[in-house]
Amino acid sequence: MNSRRRFIGGAMALAASPTGPAQASALRPPPGKTGYILMDVESGAVIDSRNAGDGFIPASTTKAITALVTLSTLPPTTRFLTRIHARGALEGSVLDGDLILVGGGDAALDTGDLAQLARALREKGVRRITGDFLVTGIDGPKQTVLNPRQPLQASYNPAIGPLCLNFNRVLLRWRNRAGRRALTTHAHASDRSVPAEAVAFRALRTGGALHGLEEKREVWAIPARDMRRDGERWFPVRRPARYAATVFRTLCMAEGIVLPEPKDTADIPGDPPLAMHRSDVVFAQIKKMMKYSTNLSAEMLGIAAARQIGGTPRTIEDAARTTTGWLKSEGIVRDDLMLENHSGLSTRSRVTPRQMADILRDGHRRFGSGYIGLHSAGRLRGDEAGLPDYDFRSKTGTMNFVRCLSGFLEVGGRRAVFVIFGMDDARRDALDARYAPYDERKPPGSGRWLRQALNHENALLREWVSRRLL
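None of the values given here were measured: they were computed from a predicted structure.

Draft legend 1. Inspection of the overall build of the chain at higher detail. Helix and strand counts for the chain stand at eleven helices and 19 strands. Since a compact globule built from 470 residues should have a radius of gyration of about 23 Å, the 24 Å found for the chain is in line with a globular shape. Dimensions of the chain, computed from the C-alpha atoms along their principal axes, are close to 75 × 55 × 40 Å. The buried share of the chain, taken over its 470 residues, is 55%.

Draft legend 2. How the structure looks around the nonpolar core. Ile 286, Leu 327, Ile 359, Leu 360 and Tyr 371 are the most contacted members of the largest nonpolar core, which totals 46 residues. Here the element with the most residues in this core is helix α2 (residues 62-73); it accounts for six residues. Ile 359 has contacts with Ile 65, Leu 68, Leu 327, Ile 332, Val 333 and Tyr 371, leaving out every residue within four places of it along the chain. Membership of the second largest hydrophobic core comes to 39 residues, among which are Ile 84, Leu 95, Leu 101 and Ala 275.

Draft legend 3. Molecular detail of helix α6 (residues 295-309). With 15 residues, α6 should reach 21 Å at 1.5 Å per residue; the first-to-last C-alpha distance of 21 Å fits that figure. Among all positions of α6, only Asn 295, Leu 296, Ser 297, Ala 298, Glu 299, Met 300, Leu 301, Gly 302, Ile 303, Ala 304, Ala 305 and Ala 306 are buried. Directly after α6, the chain includes Gly 310, whose backbone phi takes a positive value near 150 degrees.

Draft legend 4. Fine view of the sheet that holds strand β19 (residues 414-423). Pairing is antiparallel in the open sheet, where six strands are placed in the order β2-β1-β19-β18-β17-β16. At either end of the open sheet lies a strand with only one pairing partner, and these are β2 (46-50) and β16 (376-378). On average, each strand axis in the sheet is tilted by 20 degrees relative to the strand beside it, whichever way the strands run. The sheet contact formed by strand β1 (residues 33-40) and β19 spans eight bridges and is antiparallel. Bridged to Met 39 within β19 is Val 417. Against the sheet, helix α8 (residues 353-367) engages β1, β2, β18 (402-411) and β19, with an angle of about 145 degrees to β19.

Draft legend 5. Up close: the packing of aromatic side chains. For the structure shown, the criterion picks out ten aromatic pairs. On the basis of an interplanar angle of 70 degrees and a centroid distance of 5.9 Å, the ring pair of Tyr 36 and Trp 464 is categorised as edge-to-face. Of the two residues, Tyr 36 is situated in strand β1 and Trp 464 in helix α11 (residues 446-468); the sequence distance between them amounts to 428 residues. The same class applies to Tyr 36 as to Trp 464, namely buried.

Draft legend 6. Here's a closer look at helix α10 (residues 425-433). Taken together, the buried positions of α10 are Arg 428, Leu 431 and Asp 432. Along the long axis of α10, the arc covered by the buried residues comes to 100 degrees, so they all point the same way. Exposed side chains of α10 directed beyond 90 degrees from the buried face belong to Ala 426 and Ala 433. On the buried face of α10, the contacting elements are β17 (390-399) and β18.

Draft legend 7. Region of interest: the pairing of strand β3 (residues 81-91). Two strands pair when backbone bridges link them, and β3 and strand β15 (residues 275-278) are joined in this way by four bridges, in the antiparallel orientation. Looking at the pairing, Arg 83 lines up with Met 276 of β15. Between β3 and strand β4 (residues 94-103), which pair antiparallel and follow one another directly, the connecting turn spans two residues, one of which, Gly 92, has a positive phi of 70 degrees.

Draft legend 8. Geometry of the state of the cysteines. Taken as a whole and judged by the stated rule, the model has zero disulfides. Note on Cys 164: no disulfide assigned, nearest cysteine sulfur contributed by Cys 252 at a separation of 19 Å.

Cut-offs and rules
- Residues numbered from 1 in each chain as written.
- Predicted model: local features only at pLDDT ≥ 70, side-chain atom pairs only at ≥ 80, totals over all residues.
- Heavy atoms only, no water.
- Helix = DSSP H or I, 4+ residues; strand = E, 2+ residues; numbered from the N terminus.
- Rg over C-alpha atoms; globule rule 2.2 N^0.38 Å.
- Buried < 20%, exposed > 50% of the residue type's maximum accessible area, 1.4 Å probe, protein only.
- Core = buried A, V, L, I, M, F, W, Y, C linked by side-chain atoms within 4.5 Å.
- Contact = heavy atoms within 4.5 Å.
- Expected span 1.5 Å × (residues − 1).
- Pairing = 2+ DSSP bridges.
- Axes fitted to C-alpha atoms, helices over the stretch in contact; angles between N-to-C directions.
- Phe/Tyr/Trp six-rings, centres within 6.5 Å; stacked < 30°, edge-to-face > 60°.
- Arc of directions from axis to C-beta.
- Disulfide = S-S within 2.5 Å.

Structure below.
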């Protein structure tokens, strides 16, 4: 995820770097197809548009759709519960039976949260168990990767399940000393970090698989050439429940509690828990999902919304289909749209600028400034002399040969929603056709294409602010 954030951050820096003022007509859109719409938020009147009925890859602007469906279906104070249950009697400091860790769909659970659960278990007097240490979770999708057509070693493309930890990522650090290389793995959070025993790394000197599954752990093989200098990098976890359970076992050991190796179970206890962690309220999770564009959070929130709408989605795609059905049943969009998931980590999803504008307008109608405030505040690029006062809030989406921007503009008390989508179908299709699982190389020409898309995007926004919204 860090590498992706650096890329997006670089794109935003390009969008914010100073240049001379330019009109949209003076800058050609990038090769491929561009579509946009500017719509009055109150009346729905279209102020400006181009190809507004054509379908585009929405990338991470999909998360604005996820925010709307989640806010509309889940109470804003909803919390997700991670529980510890005991099956058996506590006799002195010994639990005569099983201990069960139950995931409740909390995408933001981290090592510090599990440390609090381990501490609560110690305060209950538990020091040892005679039975099994079991791990399970609520019904829902369990997939080893969010999207199998995206780079498999990218930390923004982890596994998903009802028990997650540290956004299902592990931190690898390597240090080179006296001709020897030391690799360490960390279940790392801002306030607590412990070794990640369920994930191991080794240096890869020749060809071979970059990821493999063993009985008790997963193993990543990293090219030695990538570790010539000291460094660190986040990697995705493919067995999130085992990862979380082994970290909890380590944290319990630090509290003086001895647990055996974890085992999976399908049984979910119905009795009151021995200890429980409550997540932050769902509105706060949505706000962080929009700010940091966290794919796992978007998928977990979308699944929770789909479950609330009705049924239990078995896959990420099932949950996305529930959302598209909800959008039509609520009358928010009139025509069909295609969402493969809730994060935007897909090249198969298609949304038109008009549909996205209608979705944003509905978010404003339902939640007003609460929904607008989920979008990041920013400024337009270039000299602002002569521009009227304006408020600009947006959500971005970026892939190779795909650029998306949507949000809200306000000038002189007049507020509008806007959507700008661009993609080069031919080059994007060519990339998908030659997909390689572990290839994260930047394709030739993608940087130039993105710069041109950002320049056109900014010029269009400047024209809207200076002329169309006055």
